[in-house]
Amino acid sequence: MSSVSYHISSLLEKMTSTDKDFRFMATNDLMLELQKDSIKLDEDSERKVVNMLLRLLEDKNGEVQNLAVKCLAPLVSKVKEPQVEVMVDILCTNMTSDKEQLRDISSMGLKAVIAELPLSASGLSLTASVCKKITSQLIGALGKQEDVSVQLEALDILSDMLGRHFEGFILKSTYLRLFSCLFFTFIVQLTSSRMAVRKRSILALGQLVACCSSALFSQLTEHLLKELAKNPQTSLTRTYIQCLATVSRQGGHRVGEHLEKLIPMVVKFTSVEDDELREYCFQAFEAFIRRCPKEMSPHVATVTKLCLKFMTFDPNYNYDDTEEDEDSMDIEGGADEESDDEYSDDDDMSWKVRRSAIKCLEALISTRRDLLLSFYSSICPALLARFKEREENVKADVFAAFSTLLRQTRGGSSHHSLIVPVIVKALHKQLKEKSLKSRQGCFCLLTELAYTVPGALEEHIPVLIPGIVFSLTDKSTSSTMRIDALSFFHVLLISHHPQAFQPHMQTLLPAVLTCVEDTFYKITAEALLVTQQLIKVMRPQGQTTTSSGFDPKPFIQKVFSVTMKRLKATDIDQEVKERAISCMGHMVCHLGDHLGTELQGVLGIFLDRLKNEITRLTAVKTLTLISASPLKIDMTSILPEALSVLGSFLRKNQRVLKLSTLACLTALVTHHAASIKPAALEPVLSEIPPLVDESDMHVSQVSITLLTCMAKACPSSLAKISSSVLSGVFKLIHSPLLQGGALLAILDFLQALVVSKATNLGYSQLLKSLMEPFQSSKSSADVLHRQSYHSVARCVAALSSASPKETPGTVTSLIQQVCDSSFHSPESARVLSLLCLGEVGRSGSLGGSKEVQEVILEAFSSTNEEIKTAASCALGGMAVGSLNEFLPFMLKEISAQPRRQYLLLHSLKEVISACPASSLSPHVESIWALLFQHCESQEEGTRNLVAECLGKLTLVNPAQLLPRLKQQLKAGSPLTRSTVVTAVKFTIVDHPAPIDSLLKDSIGDFLKTLQDSDINVRRVALVMFNSAAHNKPSLVKGLLGTILPHLYKETQIRKDLIREVEMGPFKHTVDDGLDVRKAAFECMYTLLDSCLEGLDVLQFLDHVEEGLKDHYDIRMLTFLMLARLVSLCPAAVLQRLDRLVEPLKATCTTKVKAGSVKQEFEKQEELRRSAMRAVAALLAVPEVERSPSMAEFANQIRSNVDMASIYQSVQGGEAGGLGPTESMDMS
């Protein structure tokens, strides 16, 4: 301790030296000491250091002064509160000094101190006291000082302070008076004679409204309205309107409640003949639109009308409308310029009005998706007409606004086809303009158009090509411009047919190849990408030279030599290397037969690139492309070495490389098996067994696909590794994770093994290996997952279909195993045998065997539920294969056996799901009648099965059956209605289907059941609506206006549905409306993803707010919804923030009563974590902590160890500590 004090004392002594170098070095050493975390100063040292640094601020040497200021920031956290206050006092006093240099240096010092003040709860008293001192002193300085520079610095510092430490203010009610003082100080400065002072005051007010109370915000708005009502002189009006725009941007949704008074006032001032004032008016409108879209709804028409009027406001320039006049104007441009000497464009500020009006329109387009259709008829033509704008900056904004309009309607609009010709007509001449900014804007807009309406520019390509070539070849064109032109050209090539470009190759290719040879690597990389597409244009895949009438020969040599030069170079950028490999790969793939002797040299280079760690991934993908080429490229020269290298890649830990290598090997084995010697495959085969593992199903699937190709193309090669590979495959088959693509790959592999006789294992050995684990004792069979039974059954069926001669014997064996209920045949084996019979029967190889029917009926009588379920699946599978034999039997049994009804309905569901419509048509009437006999079953499980069967049966003949389903809604029984509505859910599939158009016309009738008197009917109607909104949003989008009120009604807690049940000495509350509410909230969550534009988000939030106080399940859902809403429409959430914080805070701070069961603790913990995720999503929005209640809650999280740890854990540990210097948004 004493050594630190001694060291500091010696430094302070040197600081008093007359030699400026000594002072400089000593101050620098002190700064380094202060930056160490370990340093601790005693009280005397603190005082001496502070006094010395403050004295050095007046040093004659500027460098010493600057170092002294830098020392102040680290000093704040190293000294006690009184010393910080001394520093602030002196610095504030210096601010009013006569010496300008001292004022400047003190201003820097104050800003440094403010930046270092702590935000944590423990340091809040210091922050508050220092800020109070700075505020009172600087307000005094602002009042007394006439020097403008002092006023500007004081306003700047106060603005900094409010921006950095508003949380500290919010939490202390004592600062209301201080805020009020600041407010009146800034208001007074708004009338200053100096414009710079006014602008700084506006910025300071912007920071103040972000953290002031609602009362003060209203006071400021009222003051601005009152002053504007006096019709002050124009310069003051400008200031007030500019202030209004800033306040709206910073104050967010709070301005919404004052809009009714503000809008007419701002509209009035747009008619004043002052360009700057009009610009500020439109900036204010833009802020209103972005911050309060809902409240602006009544005024959208007014604002749009004004924007459309003033976006063309150019009083000093005459636009000629006809094209002839445009052309003559271009020719006579020079003469016009000379004659206009008396007028200078520097005096013309009208462009600012036009720009602000267009930005305002862009805000409307981006925030009001619901009005897009009307915008296409009103705003779209007006923007198109402004493509002729003469001012570069304004034109750039016109293009940006139009791009936004296109982006918002990406995914389909009938208007696009009408506007494309108009856009091209307006832009194609501008592509040759000298102005780089205009050309860049044109290319960006055209790129957006190509993405929005793929293929729409096809007929306009001849008009656009001269503009593209001009930008690529013009010597004055910048690098960025060329990259933009190439980027647009690339988008054009990939979104249009190759034939559209073939007639223009003579013009296009030289320009692009010049760019490939450019010295700037970014241009080269982009040009290689375009060249790759042009190669596809020269000869599209699978097309002969003669079929299109286009001959690529004249261009091949030039493209080859330019690309080859880049391919050979090793001292170029990584991106260029990769693009050159890929480009040459496409050349070989599409035009390899024209390369002659050059081909082998290219393949040799590819082999070299394959061995290079940096380029190997691109080389693997390129070899895959070449090997699959329809030109059957001769790769014999590189195959042995390439296979060896590719085999080594399978050992690498890089998953992308592994998958690409497997795809490459599959292509090579498939297309070049004749050129591959079995010995060449050995390095690959030895690496495959470890890849077949359930830890990575996709790698396993691709590996097995490769093995299948090998079994078909070169079966002898598999003999050596059959045992090691097959053990992995069987392990995978018995894995609970096996499904989908990986299972299909295994089925293909097993069939290929049997057909090719690639291994020593024949049909019977493979069958035995598959079924063996199920034949063993009960304990080991129990380990096998249910999914593995179905996987093995599919494999057995695949083997049978590959060996039809063996099938009868297999079926007999399976039947024996099912019938053998003795100890020797465990139940797992019987279950598997039944499933195997079903899968084998699915192919129709069982016929209508009576024996099998009897076996199934006997299995239905078993006491084991697993055997019954397996029998049900088996019967369904067999009926799919032999419909006419098994379906009548099944329908007869459903009527005759009420106890087996549920199992038999499962079988029927399988038949309806898997059989083609043509096979089912003759049986539809009998099935339909049978199902309606059971649709009033008291068992909900049976009713759901009937509903699923009805829904899927309706898909067989929707035109006839859907109206009959609708007719059943009139049935008196609620059970029938609920079954019918559930059936409709199963007619809604996630892919286009013939029923869609019929469903769209009638779904409204089915959704009327949302008003049904029976609660269960309403619940299933909500479930059906949820399914429609998720799978086919187009079905319900047009009905949202009528559906939403009923949906929202179901989210409310109904006391008449809550009852008390006595359970012994205890009373238990049962809420019969909970399931319906849960279904309603699930619908709301789905609508956020699929139908957001049809929702009134603020009304939606009202119901989310209620859900935050509901039952556990519903709260979990609403927390998810809130997090989703924050990312989708943050502005609306901010408007409701104060009401949303309380339920979030209540959840996070609630503790379970002591003595509660473990489940209660777990539920509450999960609730808190879920609520904290919503809080984390909220805090990621920068403006959130401007809300007093949210800032207080954020501070509470910081100071509470338990809540802080939950917050950090939901952030995935990225949050670190919630230290004093960290913002809670943690983004």
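Parameters at a glance
Residues numbered from 1 in each chain as written. Predicted model: local features only at pLDDT ≥ 70, side-chain atom pairs only at ≥ 80, totals over all residues. Heavy atoms only, no water. Helix = DSSP H or I, 4+ residues; strand = E, 2+ residues; numbered from the N terminus. Buried < 20%, exposed > 50% of the residue type's maximum accessible area, 1.4 Å probe, protein only. Contact = heavy atoms within 4.5 Å. Areas by Shrake-Rupley, 256 points an atom, 1.4 Å probe, with all protein chains shown as cover. Lys, Arg positive; Asp, Glu negative; His and termini not counted. Charge placed at Lys NZ, Arg CZ, Asp CG, Glu CD. Core = buried A, V, L, I, M, F, W, Y, C linked by side-chain atoms within 4.5 Å. Pairing = 2+ DSSP bridges. pLDDT = per-residue confidence, 0-100. Salt bridge = Lys/Arg side-chain N within 4 Å of Asp/Glu carboxyl O. Phe/Tyr/Trp six-rings, centres within 6.5 Å; stacked < 30°, edge-to-face > 60°. Lys NZ or Arg CZ within 6 Å of the ring centre and 35° of its normal. Expected span 1.5 Å × (residues − 1). Disulfide = S-S within 2.5 Å. Axes fitted to C-alpha atoms, helices over the stretch in contact; angles between N-to-C directions. Parallel < 35°, antiparallel > 145°, perpendicular 65-115°, else oblique. Left-handed = near helix turned anticlockwise from the far one by under 90°. Nonpolar A, V, L, I, M, F, W, Y, C, P; charged D, E, K, R; others polar. Polar contact = N/O pair within 3.5 Å; in protein donor to acceptor, adjacent residues only side chain to side chain.

S.K.: Explanation requested: the overall build of the protein chain in the structure shown.
M.R.: Counting secondary structure elements, the protein chain contains 62 helices and two strands. Along the longest, intermediate and shortest principal axes, the C-alpha atoms of the protein chain span 110 × 95 × 80 Å. Looking at the 1227 residues of the protein chain, the share that counts as buried comes to 54%. In the protein chain, of all internal contacts separated by at least 6 residues, the share reaching a separation of at least 24 is 73%. For the protein chain, the exposed surface amounts to about 53600 Å²; the carbon and sulfur share of it is 52%. Between the mean site of the 130 positive side-chain charges and the mean site of the 143 negative ones, the protein chain shows a separation of 4 Å.

S.K.: Could you clarify how one ought to interpret the nonpolar core in this entry?
M.R.: Counting residues in each nonpolar core, the largest one holds 411 residues, and the members touching the most others are Phe288 and Leu908. It is helix H37 (residues 740–756) that provides the largest number of residues to this core, a total of ten residues. Residues in contact with Phe288, not counting those within four places in the same chain, are Leu244, Ser248, Val255, Leu259, Leu262, Ile263, Val266, Pro293 and Met296.

S.K.: Help me understand unusual backbone geometry in this model?
M.R.: Comment: phi is negative for the bulk of residues other than glycine, and the bulk of peptide bonds are trans. For Lys632, which is not glycine, the phi dihedral falls at a positive 50 degrees. Among the structural elements, Lys632 can be located in the loop between helix H31 (616–627) and helix H32 (639–649).

S.K.: Please clarify how the pairing of strand S1 (residues 1058–1063) should be interpreted in this entry.
M.R.: Moving residue by residue along a regular strand, the side chains alternate between the two faces of the sheet. Counting buried positions over the six residues of S1 gives zero, only a small fraction of the element. Here S1 runs beside strand S2 (residues 1066–1071); their pairing, made up of six bridges, is antiparallel. By the bridge assignment, Arg1059 is partnered in S2 with Val1070.

S.K.: Looking at this model, I keep getting lost on the confidence of the model for the protein chain. Mind explaining?
M.R.: Residues of the protein chain with pLDDT of at least 70 account for 91%, and the chain-wide mean is 82. For the protein chain, per-element mean pLDDT is lowest for helix H17 (residues 333–339), which scores 40, and highest for H31, which scores 94. Counting contacts from residues 1213–1227, a segment whose pLDDT is below 50, to residues more than four positions away or on other chains yields 34 contacts.

S.K.: Is there a simple way to think about the side chain of His590 in this case?
M.R.: Relative to the elements of secondary structure, His590 occurs in helix H29 (residues 574–591). Excluding residues within four positions of it along the chain, His590 makes contact with Ile535, Lys536, Arg539, Pro540, Gln541 and Leu631.

S.K.: Sorry if this is basic, but what is going on with the environment of Val272 here?
M.R.: Looking at where Val272 falls in the secondary structure, it is placed in the loop between helix H13 (259–269) and helix H14 (275–291). Remark: the alpha-carbon pair of Val272 and Thr234, spanning 38 residues in sequence, is separated by 8.6 Å.

S.K.: Is there a simple way to explain the pattern of salt bridges in this structure?
M.R.: Two side chains carrying opposite charge are able to pair once their charged atoms lie near each other. What the rule picks out here adds up to 51 salt bridges. With a shortest N-O distance of 3.1 Å, Arg482 and Asp518 are connected by a salt bridge. Here Asp518 lies in the loop between helix H25 (505–516) and helix H26 (521–538) and Arg482 lies in helix H24 (residues 479–494), a separation of 36 residues in the sequence. With its nearest N and O atoms 2.6 Å apart, the salt bridge here joins Arg655 to Asp696. With Arg655 in helix H33 (residues 655–672) and Asp696 in the loop between helix H34 (678–685) and helix H35 (697–713), this residue pair connects regions lying 41 residues apart in the sequence. You can call Arg655 partly exposed: its relative accessible area is 41%.

S.K.: Please explain the environment of Leu57 as it appears in this structure.
M.R.: You can see Leu57 is positioned in the loop between helix H3 (43–56) and helix H4 (62–76). For the pair Leu57 and Phe313, spaced 256 residues apart in sequence, the C-alpha to C-alpha distance is 53 Å.

S.K.: Explanation requested: the packing of aromatic side chains in the structure shown.
M.R.: The final tally for this structure, using the stated rule, is nine aromatic pairs. The interplanar angle of 75 degrees and the centroid separation of 5.5 Å between the aromatic rings of Phe387 and Phe402 together place this pair among those described as edge-to-face. Pair noted here: Phe387 is in the loop between helix H19 (372–385) and helix H20 (392–408) and Phe402 is in helix H20, with a separation of 15 residues, a long-range link. With respect to burial, Phe387 and Phe402 carry one shared label: buried. Three or more aromatic residues link up through ring pairs in this structure, and these residues are Phe282, Phe285, Phe310 and Phe313. The ring of Phe649 has Arg616 sitting right over it, with the charged end atom 5.5 Å from the ring centre.

S.K.: Can you help me understand helix H30 (residues 598–611) in this one?
M.R.: In an α-helix, one turn spans 3.6 residues; hence positions three or four apart end up facing the same way. Compared with the 20 Å implied by 1.5 Å per residue over 14 residues, the 21 Å span of H30 between its first and last C-alpha is a close match. Every buried residue belonging to H30 is among Leu599, Val602, Leu603, Ile605, Phe606, Leu607, Arg609 and Leu610, and all of these are buried. Each element contacted by the buried residues of H30 is listed here: helix H28 (553–568), H29, H31 and H32.

S.K.: Where do I start with the state of the cysteines in this structure?
M.R.: Cysteine pairs can be linked by a disulfide, which is a covalent bond between their two sulfur atoms. Counted under the stated rule, the structure contains zero disulfides. Cys281 takes part in no disulfide bond, and the closest cysteine sulfur, belonging to Cys360, lies 11 Å away. Cys281 sits in the buried class, given a relative accessible area of 0%.

S.K.: When you look at the environment of Ser125 in this model, what are you seeing that I'm missing?
M.R.: Within the secondary structure layout, Ser125 lies in helix H7 (residues 124–144). As for Ser125 and Glu81, which are separated by 44 residues in sequence, their C-alpha atoms are 9.1 Å apart.

S.K.: Hey, could you run me through the packing of helix H44 (residues 865–881) against helix H45 (residues 883–896) in this one?
M.R.: Angle between the axes and distance between the axes are the two parameters that describe a pair of packed helices. Closest axis-to-axis distance for the H44/H45 pair is 6 Å, and the angle between their directions is 135 degrees. Relative to H45, the element H44 lies oblique. The way H44 lies across H45 gives a crossing that is left-handed. Where H44 approaches H45, its residues Leu875, Met878, Ala879, Val880 and Gly881 are matched on the opposing element by Leu883, Phe886, Phe889 and Met890. Its residues assigned to classes, the contact of H44 with H45 shows eight nonpolar, one polar and no charged.

S.K.: What am I meant to see in helix H51 (residues 974–985) here?
M.R.: For H51, which comprises twelve residues, the first-to-last C-alpha distance of 17 Å matches the rise-based estimate of 16 Å (1.5 Å per residue) to within 8%. Within H51, nine of the twelve residues are buried, which leaves it mostly tucked inside the rest of the structure. Residues of H51 that are buried: Thr976, Arg977, Ser978, Thr979, Val980, Val981, Thr982, Ala983 and Val984. By the N-cap criterion, in which a side-chain oxygen at the helix start approaches the backbone nitrogen of a residue two or three places on, H51 is capped by Ser973, the distance to Leu975 being 3.1 Å.

S.K.: Sorry if this is basic, but what is going on with the packing of helix H22 (residues 436–452) against H24 here?
M.R.: In contact at an axis separation of 9 Å, H22 and H24 are set at 20 degrees when each is read in the N-to-C sense. Relative to H24, the element H22 is oriented roughly parallel. Note on packing geometry: the crossing formed by H22 with H24 is left-handed. In contact with Leu436, Arg439, Gln440, Phe443, Leu446, Thr447, Ala450 and Tyr451 of H22, H24 contributes Thr480, Met481, Asp484, Ala485, Phe488 and Val491. Of the residues assigned to the contact of H22 with H24, the class counts are nine nonpolar, three polar and two charged.

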